Amino acid sequence: MRRLVGLLLTLTVLAPTAALAQSAADRAGVRQAATNYVDALYRVDSMRIVRSVHPELVKYGYDARDGAYRGTPMNFTELKQLAATWNKDQKRVDPDTATKEVVVLDVLDKTASAKIVAHWGIDYMHLAKVDGTWMIRQILWQSHPAE
């Protein structure tokens, strides 16, 4: 009986630790996917898109040009092409100092959400855990609001 009580006590103490460790690893995986997304554009590295964005990506954004928002859809292939060119010739931003805020909003066992604040605006992401890797499945973004 004493062994059973000891075993139950040990499981009670270790179970939350194991769940916390998985959650911490998942949060880190979500953060890494979101960071790869921003760095792909800043550092002109489309392979970061391949590592962190699901091929069935659905991205839609609202860009404020000329004072009016316009909606723009984008798929995986278009995002990958953009990452290969966005900061290449124009050198829009210095990748080491450009705005890059990653906030992990929620993480479950198979789905997660994150928010990015970057040079171009704010991105809200939904991610899915695919074969053990966090991948961005959906992005809804807008350019920075006028102040």
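Please refer to the structure placed before this passage.
This text gives an overview of the structure that appears in the document. The model shown is predicted, which means the values in this text are computed figures rather than measured ones.

Notably, valine 44 is not glycine yet its phi reads approximately 55 degrees, a positive angle. Considering the arrangement of structural elements, one finds valine 44 in the loop between helix 1 (2-42) and helix 2 (46-52). Of note in the backbone geometry, aspartate 131 takes a positive phi value of approximately 50 degrees without being a glycine. Mapped onto the secondary structure, aspartate 131 falls in the loop between strand 5 (121-130) and strand 6 (133-142). For aspartate 131, a relative accessible area of 79% translates into the label exposed.

Turning our eyes to something else, we now look at a nonpolar patch on the surface. On the surface, Tyr60, Tyr62, Tyr69, Leu105, Tyr124 and Leu140 cluster together into a nonpolar patch covering about 590 Å² of accessible area. By secondary structure assignment, the location of tyrosine 60 is in strand 1 (residues 53-65). When its relative accessible area of 32% is taken as the criterion, tyrosine 60 is described as partly exposed.

With that settled, consider the nonpolar core. Among the nonpolar cores identified, the biggest contains 32 residues, and Tyr37, Trp120, Leu127 and Ile136 are the most heavily contacted of them. Elements with a contribution of two residues or more to this core: helix 1, strand 1, helix 3 (76-83), strand 3 (100-107), strand 4 (111-118), strand 5 and strand 6. Of the residues forming this core, the biggest block, 8 residues, is contributed by helix 1.

A few words on the packing of aromatic side chains. On inspection of all chains with the given rule, the structure shows 5 aromatic pairs. Measuring from ring centre to ring centre gives 5.3 Å for tyrosine 60 and tyrosine 62, while their planes differ by 70 degrees; the resulting arrangement is edge-to-face. You can call tyrosine 62 partly exposed: its relative accessible area is 38%. Arranged with centres 5.5 Å apart and planes meeting at 85 degrees, the rings of tryptophan 86 and tryptophan 120 form a pair that is edge-to-face. In this pair, tryptophan 86 is assigned in the loop between helix 3 and strand 3 and tryptophan 120 in the loop between strand 4 and strand 5, connecting sequence segments 34 residues apart. The class for tryptophan 120 is buried, based on a relative accessible area of 16%. Of the aromatic side chains, those joined through ring pairs into one cluster are Tyr37, Tyr42, Trp86 and Trp120.

Here aspartate 123 shows up in strand 5. Look at aspartate 123: it is buried, it has no salt bridge, and the nearest opposite charge is lysine 59 at 4.3 Å. A polar contact of 2.9 Å, which involves the side chain of aspartate 123, links it to the side chain of tryptophan 120. Leaving out residues up to four positions away in the same chain, aspartate 123 has contacts with Tyr37, Lys59, Ala114, Lys115, Ile116, Ile139, Leu140 and Trp141.

So, how was this worked out
Residues numbered from 1 in each chain as written. Predicted model: local features only at pLDDT ≥ 70, side-chain atom pairs only at ≥ 80, totals over all residues. Heavy atoms only, no water. Helix = DSSP H or I, 4+ residues; strand = E, 2+ residues; numbered from the N terminus. Buried < 20%, exposed > 50% of the residue type's maximum accessible area, 1.4 Å probe, protein only. Patch = residues over 30% accessible without salt bridge, like charges linked within 9 Å, V, L, I, M, F, W, Y side chains within 5 Å. Areas by Shrake-Rupley, 256 points an atom, 1.4 Å probe, with all protein chains shown as cover. Salt bridge = Lys/Arg side-chain N within 4 Å of Asp/Glu carboxyl O. Core = buried A, V, L, I, M, F, W, Y, C linked by side-chain atoms within 4.5 Å. Phe/Tyr/Trp six-rings, centres within 6.5 Å; stacked < 30°, edge-to-face > 60°. Lys, Arg positive; Asp, Glu negative; His and termini not counted. Polar contact = N/O pair within 3.5 Å; in protein donor to acceptor, adjacent residues only side chain to side chain. Contact = heavy atoms within 4.5 Å.

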